[in-house]
Amino acid sequence: MDYKFYDVKAKDFVKTAITECVVYGAKSNPRYAVRGKTKDGRNLTCFVSKANFDKIKKSVK
């Protein structure tokens, strides 16, 4: 599944495939994120809502 990430180095949005879904933080205050890679191998992270995270996680697997 492709997702739109903001590339800080390029200062623009790029559309790339999601490589993984990650949960950061403590169990009492989790933060949900999706990760991807640029064509030149740099990592991209985009924090998303719990609802979007669940939808994306179902479609990625």
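One can find the structure itself at the top, above this paragraph.
Residues numbered from 1 in each chain as written. Predicted model: local features only at pLDDT ≥ 70, side-chain atom pairs only at ≥ 80, totals over all residues. Heavy atoms only, no water.

**Some words on the overall build of the chain**
- A count of helical and extended segments in the chain gives 1 helix and 4 strands.
- Along the longest, intermediate and shortest principal axes, the C-alpha atoms of the chain span 35 × 20 × 15 Å.
- Relative to its 61 residues, the chain shows a buried fraction of 25%.
- Intrachain contacts of the chain at a sequence separation of at least 6 include 26% that bridge at least 24 residues.
- Taking the average location of the 15 positive side-chain charges in the chain and that of its 6 negative ones, the two points are 6 Å from each other. (Helix = DSSP H or I, 4+ residues; strand = E, 2+ residues; numbered from the N terminus. Buried < 20%, exposed > 50% of the residue type's maximum accessible area, 1.4 Å probe, protein only. Contact = heavy atoms within 4.5 Å. Lys, Arg positive; Asp, Glu negative; His and termini not counted. Charge placed at Lys NZ, Arg CZ, Asp CG, Glu CD.)

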